[in-house]
Amino acid sequence: MAIEDEYIITIGLEVHCELKTNTKLFCGCANQFGSEPNTNICPVCLGLPGSLPVINERAVEYAIRIGSALSCEIRPSVFHRKNYFYPDMPKDYQVSQYDEPICVNGKLELPSFPKTVRIERAHMEEDTGKTTHVGTSGRIHGADFSLVDYNRAGIPLVEIVSAPDLSSADEAREYVSELRAILVSTKASDGKMEEGSLRVDANVSVRPLGTEKLGTRCEIKNLNSLRSLGRAINYEARRQMEALSAGQSIRQETRHWNEDQGVTSALRSKEEAYDYRYFPEPDLTPLDPDMDEVATIARALGILPPARRLRLRELLDGELTRSELEQVQTCVKFDLDEHVLDAVRTGVPARLALARGSNELASYVNQATVDSFEVAEFPRGKFIEVISLESQGKVSSTQAKTLLSRIASNHNEEVSALIEELGYKAASQDEISELLDRLISENSMEWERLCAGENQLAGFFIGKAMKITNGKVNGKTLASEMAARRLG
Amino acid sequence: MEIIELGAVEIAKAVKSGELSALEVVSAHLSEINEHDGDVGAFLLVMADRAIERAKEIDKRRSGGEELGALAGVPVALKDNIVLQGVETTCASKILSGWEPPYTATVIEKLISQGAIPIGKTNLDEFAMGSSTENSAYFPTRNPVKLDRVPGGSSGGSAASVASRFAPIAIGSDTGGSIRQPASLCGVVGVKPTYGLVSRYGLIAFASSLDQIGPFAKSVDDASLVLSVIAGHDGMDSTSSRTATYEHAPNESDISSLRIGVIQEMMSDVSNDVLGVFNQSLDALRSCGAKVETVSIPAVRYGLSSYYLIAPAEASSNLARFDGVRYGLRVTGADMNETYGLSREAGFGPEVKRRIMLGTYALSAGYYDALYGKAQKVRTLIVSEFARAYSDFDVLVSPTSPTVAFGFGDKSDPLSMYMSDVCTIPSNLAGHPAMSVPFGGGADGLPVGVQILAPALSERVMFQVARALEGASTYMAKPQWAH
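Residues numbered from 1 in each chain as written. Chains lettered and ligands numbered in written order. Predicted model: local features only at pLDDT ≥ 70, side-chain atom pairs only at ≥ 80, totals over all residues. Heavy atoms only, no water.

Defined as follows: UniProt positions are given in the numbering used here, feature names are shortened, and annotations may be inferred rather than shown by experiment.
Chain B carries the name Glutamyl-tRNA(Gln) amidotransferase subunit A in an unreviewed UniProt entry, which gives Acidithrix ferrooxidans as its organism. You can read under Function (unreviewed entry) in the UniProt record for chain B the words "Allows the formation of correctly charged Gln-tRNA(Gln) through the transamidation of misacylated Glu-tRNA(Gln) in organisms which lack glutaminyl-tRNA synthetase. The reaction takes place in the presence of glutamine and ATP through an activated gamma-phospho-Glu-tRNA(Gln)." According to its UniProt record, chain B has this under Sequence similarities (unreviewed entry): "Belongs to the amidase family. GatA subfamily."

Taking an unreviewed UniProt entry as the reference, chain A is identified by name as Aspartyl/glutamyl-tRNA(Asn/Gln) amidotransferase subunit B belonging to Acidithrix ferrooxidans. UniProt, in the comment section headed Subunit (unreviewed entry), describes chain A in these words: "Heterotrimer of A, B and C subunits."

## A few points about the sheet that holds strand S3 (residues 117-122) of chain B
Residue and element names in this part refer to chain B. To keep things clear, this is the line we draw: A pair of strands is treated as paired once DSSP finds two or more bridges between them. Starting at the N terminus, helices and strands are each numbered in turn, a helix being any DSSP run of H or I of at least four residues and a strand any DSSP run of E of at least two. To define axes, lines are fitted to C-alpha atoms, for helices over the stretch in contact only, and angles between the resulting N-to-C directions are given on a 0 to 180 degree scale. In what follows, a contact means two residues having at least one pair of non-hydrogen atoms within 4.5 Å.
Spatially, 11 strands are ordered S1-S3-S2-S4-S6-S5-S10-S11-S9-S7-S8 in an open sheet, and the strand pairing comes out mixed. Unpaired on one side and paired on the other, strand S1 (43-46) and strand S8 (291-295) mark the two borders of the sheet. The average angle at which neighbouring strand axes cross in this sheet is 30 degrees, direction not considered. Pairing of strand S4 (residues 169-174) with strand S6 (residues 212-217) involves 6 bridges; the strand directions are antiparallel. What sits directly across from Asp174, in S6, is Gln212. On the sheet, helix H2 (residues 22-40) packs against S1, strand S2 (75-79) and S3 and is oriented at approximately 20 degrees with respect to S3. Lying on the sheet, helix H3 (residues 48-63) is in contact with S1 and S3; it crosses S3 at an angle near 165 degrees.

## Section: empty space enclosed by the protein
Inclusion rule: A pocket here means an open set of points on a 1 Å grid, computed over the protein atoms alone, that has protein on both sides within 12 Å along at least five of seven lines. A cavity is instead a set of points where a 1.4 Å probe fits but cannot get out; residues with an atom within 4 Å of a point line either one. Grid points are joined across faces, edges and corners, and a volume is the space filled by probe spheres set on the points. Only Asp, Glu, Lys and Arg are considered charged in this grouping, and only Ala, Val, Leu, Ile, Met, Phe, Trp, Tyr, Cys and Pro are considered nonpolar; every other residue, Gly among them, is considered polar.
One pass over the full model with this rule turns up 5 cavities of 30 Å³ or more. Put simply, the largest cavity is a space of about 120 Å³. Taken together, 15 residues line the largest cavity, and the ones lying closest to its centre are Val44(A), Ser51(A), Leu52(A), Pro53(A) and Lys91(A). In terms of residue class, the lining of the largest cavity is made up of 7 nonpolar, 3 polar and 5 charged. When its volume is computed, the second largest cavity comes out at roughly 80 Å³. Around the second largest cavity, the lining residues are Pro49(A), Gly50(A), Ser51(A), Leu52(A), Asp283(A), Leu203(B), Ile204(B), Ala205(B), Asn318(B), Arg321(B) and Phe322(B). For the lining of the second largest cavity, the per-class residue count stands at 6 nonpolar, 3 polar and 2 charged.

## Section: the UniProt feature "active site" (unreviewed entry) in chain B
Residue and element names in this part refer to chain B. Let me state the cut-off plainly: Here a polar contact is taken to be a pair of N or O atoms separated by no more than 3.5 Å, where protein atoms must pair a possible hydrogen donor with a possible acceptor and residues adjacent in sequence count only if both atoms sit in side chains.
With numbering aligned to this structure, UniProt lists the feature "active site" (unreviewed entry) at Lys79, Ser154 and Ser178. Spanning 100 residues, the named residues nonetheless gather at one spot, since no C-alpha pair among them exceeds 10.9 Å. Tracing the backbone through its elements, the reader meets Lys79 in strand S2. For Ser178, the location among the structural elements is in the loop between S4 and helix H6 (180-186). When residues no more than four places from it in sequence are discounted, the contact partners of Ser178 are Lys79, Ala128, Gly130, Gly153, Ser154, Ser155, Ser173 and Phe216. Here the side chain of Ser178 touches Ser154 through a polar contact of 2.7 Å, side chain to side chain.

## Concerning the UniProt feature "domain: Amidase" (unreviewed entry) in chain B
Under the present numbering, the feature "domain: Amidase" (unreviewed entry) in UniProt falls on residues 24-460 of chain B. Its end C-alpha atoms 33 Å apart, residues 24-460 of chain B is made of 36% helix and 14% strand.

## Side note on the confidence of the model for chain A
Selection criterion: The predictor attaches a confidence to each residue, called pLDDT, with possible values from 0 through 100.
Averaged over every residue, the pLDDT of chain A is 90; residues scoring 70 or more account for 96%. Predicted confidence for residues 368-375 of chain A stays below pLDDT 50, and this span has 14 contacts to residues more than four positions away or in other chains.

## What to know about a negative patch on the surface
All names here are of chain A. This is how the line gets drawn: The patch calculation keeps residues exceeding 30% relative accessible area without a salt bridge and links them within 9 Å when they carry like charges or within 5 Å when they are nonpolar (Val, Leu, Ile, Met, Phe, Trp, Tyr). Each accessible area value is a Shrake-Rupley result obtained with a 1.4 Å probe; residue values ignore everything except the protein chains displayed when judging cover. The rule for a salt bridge is simple: a side-chain nitrogen of Lys or Arg has to be within 4 Å of a carboxyl oxygen of Asp or Glu. Charge counting follows a simple rule: Lys and Arg are positive, Asp and Glu are negative, and His as well as the terminal groups are ignored. Charge positions come from single atoms, namely NZ of Lys, CZ of Arg, CG of Asp or CD of Glu. For each residue, the accessible area found with a 1.4 Å probe, counting protein chains only, is set against the maximum for its type, and the residue is called buried under 20%, exposed over 50%, and partly exposed in between.
On the surface, Glu57, Asp288, Asp290, Asp292 and Glu293 cluster together into a patch of negative charge. Here Asp292 lies in helix H4 (residues 291-299). Taking the relative accessible area as the measure of exposure, Asp292 reaches 61% and is therefore exposed.

## Observations regarding the pattern of salt bridges
Scanning all chains against the criterion turns up 58 salt bridges over all chains. Across the pair Arg449(A) and Glu454(A) runs a salt bridge whose closest N-O atoms are separated by 3.1 Å. For Arg449(A), a relative accessible area of 39% puts it in the partly exposed group. On the basis of relative accessible area, Glu454(A) is assigned to the partly exposed category, the value being 27%. A salt bridge links Glu293(B) to Lys291(B); its shortest N-O distance comes to 3.9 Å. Overall, the relative accessible area of 42% leaves Lys291(B) in the partly exposed class.

## Details of the interface of chain A and chain B
Rules: The term buried area refers to how much accessible surface (probe radius 1.4 Å) is lost by two components on association, counted for both of them together.
Across the contact, 33 residues belong to chain A and 37 residues belong to chain B. Here chain A and chain B share an interface that buries about 2700 Å² over both sides, 58% of which is from carbon and sulfur atoms. When residues of chain A are sorted by the area they lose upon contact with chain B, Pro49(A), Leu52(A) and Arg277(A) head the list and together hold 23% of the total. Summed over the shared surface of chain A and chain B, the result is 2 salt bridges. Residue Asp92(A) pairs with Arg326(B) through a salt bridge whose shortest N-O separation is 3.8 Å. Connecting chain A to chain B are 18 residue pairs in polar contact (both at pLDDT 80 or more). The set of elements that each furnish at least two residues to the side of chain A that touches chain B consists of strand S3 (79-83) and strand S14 (279-280) of chain A. Here the side of chain A that touches chain B is built from residues that sort into 22 nonpolar, 5 polar and 6 charged.

## Focus on the packing of helix H9 (residues 303-318) of chain B against helix H11 (residues 350-362) of chain B
Residues and elements named next belong to chain B. To keep things clear, this is the line we draw: Each angle gets one of four labels, with under 35 degrees taken as roughly parallel, over 145 as roughly antiparallel, 65 to 115 as roughly perpendicular, and the rest as oblique.
One way to put it is that H9 packs onto H11 with a least axis distance of 7 Å and a crossing angle of 100 degrees. When the interaxial angle is binned, H9 and H11 end up roughly perpendicular. Facing Tyr308, Leu309, Pro312, Ala313 and Ser316 of H9, the residues of H11 in contact are Arg355, Ile356, Leu358, Gly359, Thr360 and Ala362. For the contact of H9 with H11, the residue count by class is 7 nonpolar, 3 polar and 1 charged.

## A word on the pairing of strand S9 (residues 395-399) of chain B
Residue and element names in this part refer to chain B. With 5 of 5 residues buried, S9 is to be regarded as a mostly interior element. Judged from the 3 bridges that link them, strand S7 (residues 259-263) and S9 form a sheet pairing that is parallel. Directly across from Val262, in S9, lies its bridge partner Val397. Pairing geometry for S9 and strand S11 (residues 447-453), over 4 bridges, is antiparallel. Note on S11: the bridge partner recorded for Ser398 is Gln451.

Written out as structure tokens, the structure is:
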């Protein structure tokens, strides 16, 4: 029995999400990625002596949007100071919410695992500056010197903390992917992991199969891509399983993920853990959101990914197959659900629209990698035009895919011009008839065997036809013509 | 009358009418500083050139017929924990030596916009932690009334500057009595306004939930005028009240319909000479027609212990930023943590270190509830007991300080020093206004102040009582060299 089958993995995730406000959380400095270092700074976000924070109301609104989108309870909240020394933290404390966060008790449904993950809380806090350690190690220990950019200091964050409800790296990845889709649709965040707009800490523990008590957990810090998240969890879970199997115990500790080596290593143990000495931030007053305003914000959210998936599922009758469920998820993930819905409205069969949306379009808009969340566009009208022709049998499925591919590489291509250029003018009934006559005379033996019941030979004829016409013949039309001849 | 004896109201009036030039006013005060601040040590920095330049500007604006503001040509001394752009601000600490802030505190902007002229940065106990100004990392300030005594603290330099006639008004900060106690010991008026009435933006924080900026002056009316200038909402301070303002109402001194409570618990640790003067002040209030009775507020007895948990806890966090990384003193060590340690070791004095350690401990895991948490409960209790007392009384009174000015080194034991603030601390914990008004001479003829306490945002009635006391007193503290 493999070691993975002897243990149960438990994962809880803490996702830090930068809010896309124009200005920082406590001052008027620009919230902007990629500026020259130390240009978006002022006495407040530099924590200069005598300066004081003033809350950005828009950031509070964004936090309420996120909480509402995650079905959280929005409630009065208090900022605390989290005290610890680090050069990128200008005040040597971070203003964060502690035991009275703004959003609590939410949930998130994983689309493909049928599973509801509980969201324990989503709280507001300020980001720190960004330290670059110069030297071979790339870490503070052994660095020649370190540079600090305070542009990021004071950028508003919402930290979303899940319950330990996830049990595999795949679930964890899907959780983050779905959370990201929800965050983006609230317009409170751009969800760009590569720019650090989303950063994930994973709490991982394992316990022997058949036991109830959760094992000792380790926290892996700062996972910046879905790929790292999955790899780090798998590595860490296996490390813990091997340790337990060898009779060792797990130390509760914070661990660092090394992307190049593919391993986690200990940063500090529980005994060495900081005592953050939280206490209520006296420079800020508690937040007490007006419940009518909260309701207004929630109403203005629009349709969120779970509802968007439901909308697509309802296009199909009866129970959906696993692959249809995946098609639904893919369409929503790549913002192609409106394409599919519009196509169905114009009369295209739902299954065809869904298949083309999730297979062809999704792969075109996702030319980069699955891990990057760059969402490209695909002209909706042209998509509908192509699959309408396909559904009417005016172009074959192969032709339809070629058309979509051409449009993907150049959005300005016109469908009618492409059909002309590629010679996709649908063959007339007479042309099909002539073609079949020719095929039968050239392959009379095979035709007799087909008529005698060797149905697999139909493919042989379609193949020949494709060869003769350079793929321009509509296979479906030819197949029905053959069926008619055999009967007649 | 000599210029240096004039008050703020009189100076502003004279400058506006052209009777005096702002330059004459500033020059008179600068020459007094030149002559006597060597003995007193009120200033860490005298801004002579800037003040003269500013005075000339005001005189020019006057001759151009421009509006000059309520404090036209009035020199003001600023406690050196309030920032003024480009002027070294140290909090009397080595750790900020040489630091020039790139921005100006809201209170200073307000003062300047009304024509006041910053004349210097005054000495204090390092980071406002102390009651004698002996904790300044640079030099102690002497009490101008008797140079072998302390001026009180932590705003000892500001109190001494007014008592010395170096400036008609000064600005201080009061976290547990740091305006009122030195005002009492130097024989001047000192006001701690309601928490939130005056912006803290630009005040280098000691204990954020307790700190409040307020004025020193030679008269109640001057203090009232200055408060009216610096009060009001500031969008840069979230704890500044959105609605509160203070309007200067000169000459309001009728207290015949007032009920005045004498806080029983604040009489127990007071020396006999102070008690004697205080009792005379009660007689004076009665003869003005007020109803004066004793009231018990038992919770104030726990004020001191609760304060010495809350204030150090906040300070331990507020002072973390002085780490040698971005500004101020840096002593480079082998690594980051050693640099932090060495910089803070060299930069902070013993009292500051003591309070950082007290506060760090009070907030530590496992101690929070028993220490900081409990102290906050005492604070709530004090607020509710004050509220009960104010249902029977308009204002409350007590001695400001249990003793007159003491000698240097007399209170080397920190606890005995902490006792100096036993009567002033409860107002900070409650966030209520309180002020000290000089009333008479105690031992060695040294000044004794009476503290008037009022409910939140009831500065107006507090000033009425202060004017009545001022009117009933013939006492006037003089600098030692003026005798």
